[in-house]
Amino acid sequence: MGYPIEPIEIETRIYFVRGHRVMVDADLAQMYGVPTHRLNEQVQRNLSRFPLDFMFRLTADENQNLISQFAISRSGWGGRRKYPQVFTQEGVAMLSSVLRSERAVQVNIQIMRTFVRIKKVAAGNREVLARLDTLEKKYNRRFRIVFEAIRHLMEPPMDPAQLS
């Protein structure tokens, strides 16, 4: 009995913050079918399982960048009093040990598969860049502009904090 969440839905909820691919607590809570405050409550009860490389709280600037760049909901009247926590791949994996529902386990499996697929795509891009280097050395300057344009298109998305 799975809890189907489309991989594209998961991918659109993975952001790049402080050099890490992360997911926001509210998005995870929605996928797990629990209120955000319950997810964070369980994390707080098990804080020793979540070191800073597994989870961290966004700063005001990071939160504002996510809101403006990716259309994450703003806290409305009576909304959040703290900035969201975000979880790295390892933090998401650890969530399955503190959220003990079958749904949490199934959703985590889907999320882990998505993180792995994203890493494979990034590794593939590195291979292509290495091949471009080889071709660039082999051919003359006329193709330099083409190679530079291809490299630019393959660059990972910039951290929204760097855009401001």
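Our subject is the structure that appears above.
Note that the structure is a prediction, hence the values are computed from the model and not measured.

Peer 1: What is the right way to look at the overall build of the chain in this model?
Peer 2: The helix and strand tally for the chain stands at eight helices and four strands. Reading the secondary structure of the chain in the N-to-C direction produces α-β-β-α-α-β-α-β-α-α-α-α. Out of the 164 residues belonging to the chain, those deemed buried represent 33%. Considering only residue pairs separated by 6 or more positions, the chain has 72% of its internal contacts joining residues 24 or more positions apart. Entry remark: accessible area of the chain is about 10,800 Å², with carbon and sulfur atoms responsible for 55%.

Peer 1: Sorry, what's going on with the side chain of R13 here?
Peer 2: On the secondary structure map, R13 appears in the loop between helix 1 (7-11) and strand 1 (14-17). A relative accessible area of 14% places R13 in the buried class. Of note is the side chain of R13, whose polar atom sits 2.9 Å from the side chain of Q30. In contact with R13, not counting residues within four places along its chain, are V22, M23, D27, Q30 and M31.

Peer 1: I'm lost on the environment of R18 in this one. Help?
Peer 2: Relative to the assigned elements, R18 resides in the loop between strand 1 and strand 2 (20-24). The class for R18 is partly exposed, based on a relative accessible area of 39%. Note: C-alpha distance between R18 and E62 (44 residues apart in sequence) is 9.1 Å. Among the polar contacts made by the side chain of R18, one reaches the main-chain carbonyl oxygen of R57 at a distance of 3.1 Å.

Peer 1: Help me understand the packing of aromatic side chains in this model?
Peer 2: Any aromatic ring pair is given by two values, namely how distant the centres are and how the planes are angled relative to each other. In the structure shown here, the tally under the stated rule is one aromatic pair. Here F50 and F87 contribute two aromatic rings whose centre-to-centre distance is 5.9 Å and whose plane-to-plane angle is 80°, an arrangement assigned as edge-to-face. Linking F50 in the loop between helix 3 (36-45) and strand 3 (55-57) with F87 in strand 4 (residues 85-87), this pair joins segments that are 37 residues apart in sequence. An identical accessibility class is assigned to F50 and F87; each is buried.

Cut-offs used in this document
Residues numbered from 1 in each chain as written. Predicted model: local features only at pLDDT ≥ 70, side-chain atom pairs only at ≥ 80, totals over all residues. Heavy atoms only, no water. Helix = DSSP H or I, 4+ residues; strand = E, 2+ residues; numbered from the N terminus. Buried < 20%, exposed > 50% of the residue type's maximum accessible area, 1.4 Å probe, protein only. Contact = heavy atoms within 4.5 Å. Areas by Shrake-Rupley, 256 points an atom, 1.4 Å probe, with all protein chains shown as cover. Polar contact = N/O pair within 3.5 Å; in protein donor to acceptor, adjacent residues only side chain to side chain. Phe/Tyr/Trp six-rings, centres within 6.5 Å; stacked < 30°, edge-to-face > 60°.

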